[in-house]
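A look at the structure
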Amino acid sequence: MRLAVLCSLLLSTAALASPVLELEVGAGAHGWVTDPSPTFSGRVGLDLFDWFTPGVRAMSLTHFKADDRSWALLADLRVHTAPRLVQLNAGVDVGFALAHVNDTETVTTERVSPYLMGDVGVRLNVWRMWVGLNVGASPMGPSWVGMLSVGIAPFGRD
């Protein structure tokens, strides 16, 4: 039993020997095709194995024409091709969205609900920085998301 625990610790330590911290911000649009609204996103992730990046994403889902505002806090699981100049990626985000909804002129309610989103994209890597373009969808509304992002891996990959 001790040998199994020791081997699993050594293997997990070797696998995590070169994780790379990723910081990313993005802006784009979301909503229904006929009524897009602005969205903003921030993501912190840890690139493991040069192909898998778990992280956390905060995202605004505010409607442009309404006083309603909402945001989501999501666990972000992302896979991507090996680090090179052009990198393909795909992700799944799972978490909760909080909406402040104006029911009338004087009454505002808060609603918390589960939120799920999937996206695919491409990014152009230059040194430790990148510019990316992702498109995605959510079955829980808004129906689509398009985002241009910039990011940096401040301590890794020269």
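What comes next is a walk through the structure. Computed from a predicted structure; not experimentally measured.

**A few points about the pairing of strand β3 (residues 52-60)**
Bridge analysis of strand β2 (residues 35-47) against β3 gives 5 bridges, and the strand direction is antiparallel. From the neighbouring strand, Ser-41 faces β3, where its bridge partner is Met-59. The hairpin formed by β2 and β3 contains 4 residues between the paired strands, and Phe-49 there has a positive phi angle of roughly 65°. Judged from the 9 bridges that link them, β3 and strand β4 (residues 69-80) form a sheet pairing that is antiparallel. Residue pairing in the sheet places Gly-55 in a bridge with Asp-76 of β4.

**A closer look at the side chain of Ser-70**
Mapped onto the fold, Ser-70 is located in strand β4. Taking the relative accessible area as the measure of exposure, Ser-70 reaches 14% and is therefore buried. Residue contacts for Ser-70: discarding those within four places in its chain leaves Ser-60, Leu-61, Thr-62, Leu-98 and Ala-99.

**Things to note about the environment of Val-92**
Of note, Val-92 is situated in strand β5 (residues 86-102). Residues Val-92 and Arg-78, 14 residues apart in the sequence, show an inter-C-alpha distance of 6.5 Å. Setting aside chain neighbours within four positions, we find Val-92 in contact with Ala-75, Asp-76, Leu-77, Leu-116, Met-117 and Gly-118.

**Some remarks on the side chain of His-80**
Along the polypeptide, His-80 turns up in strand β4. On the basis of relative accessible area, His-80 is assigned to the buried category, the value being 10%. A polar atom in the side chain of His-80 sits 3.1 Å from the side chain of Thr-53. Filtering out sequence-adjacent residues up to four positions away, His-80 remains in contact with Asp-47, Asp-50, Trp-51, Phe-52, Thr-53, Gln-87, Leu-88 and Asn-89.

**Examining the environment of Gly-95**
Assignment of secondary structure puts Gly-95 in strand β5. Sequence spacing of Gly-95 and Pro-114 is 19 residues, and the spatial spacing of their C-alpha atoms is 5.8 Å. Among residues more than four places away in sequence, those in contact with Gly-95 are Leu-73, Leu-74, Ser-113, Pro-114 and Tyr-115.

**What to know about the packing of aromatic side chains**
Under the defined criterion, the tally for this structure stands at 2 aromatic pairs. Through successive ring pairs, a cluster of aromatic residues spans Phe-49, Trp-51 and Phe-52. Positioned over the ring face of Trp-130 is Arg-123, at 4.0 Å from the centre of the ring.

**Considerations on empty space enclosed by the protein**
Applying the stated criterion to the full structure yields 1 cavity of 30 Å³ or more. Counted as a void, the largest cavity has a volume near 190 Å³. Lining the largest cavity are 16 residues, with Glu-24, Arg-57, Arg-78, Asp-119 and Asn-134 positioned closest to its centre. Of all elements in the fold, only β3, β6 (108-126), β7 (129-137) and β8 (144-152) reach the threshold of two or more residues within the lining of the largest cavity. The element contributing the most residues to the lining of the largest cavity is β7, with 4 residues. Grouping the amino acids of the lining of the largest cavity by side-chain chemistry returns 5 nonpolar, 5 polar and 6 charged.

What counts, and at which threshold
Positions within a chain are numbered from 1, following the residues in the order the chain's sequence is written. Totals for whole chains, interfaces and linings use every residue, but because this is a predicted model, local features are given only for residues with pLDDT of at least 70 and side-chain atom pairs only at 80 or more, for both listing and counting. Derived side-chain values reflect all non-hydrogen atoms in the structure, with water molecules and hydrogen atoms excluded from consideration. Pairing between strands is defined by DSSP: at least two bridges between them are needed. Here a helix means four or more residues in a row that DSSP labels H or I, a strand means two or more in a row labelled E, and each is numbered from the N terminus. Accessible area is worked out with a 1.4 Å probe on protein chains only. A residue is then buried under 20% of its type maximum, exposed over 50%, and partly exposed in between. The contact definition used throughout considers only heavy atoms, calling two residues in contact when any of these lie within 4.5 Å. Two N or O atoms form a polar contact when they lie within 3.5 Å of each other; inside protein one atom must be a possible hydrogen donor and the other a possible acceptor, and for residues adjacent in sequence the pair counts only when both atoms belong to side chains. Working definition: rings of Phe, Tyr and Trp (its six-membered ring) pair if their centres are within 6.5 Å, and the pair is stacked with planes under 30 degrees apart, edge-to-face with planes over 60 apart, and tilted otherwise. Any Lys NZ or Arg CZ that is within 6 Å of a ring centre and within 35 degrees of that ring's normal is treated as a charge sitting over the ring. Residues are called lining when one of their atoms sits within 4 Å of a cavity or pocket point, these points coming from a 1 Å grid over the protein atoms alone, where a cavity is a set in which a 1.4 Å probe fits but cannot get out and a pocket is an open set with protein on both sides within 12 Å along at least five of seven lines. Grid points are joined across faces, edges and corners, and a volume is the space filled by probe spheres set on the points. Ten residues, namely Ala, Val, Leu, Ile, Met, Phe, Trp, Tyr, Cys and Pro, are considered nonpolar, four, namely Asp, Glu, Lys and Arg, are considered charged, and the remaining ones, Gly among them, are considered polar.

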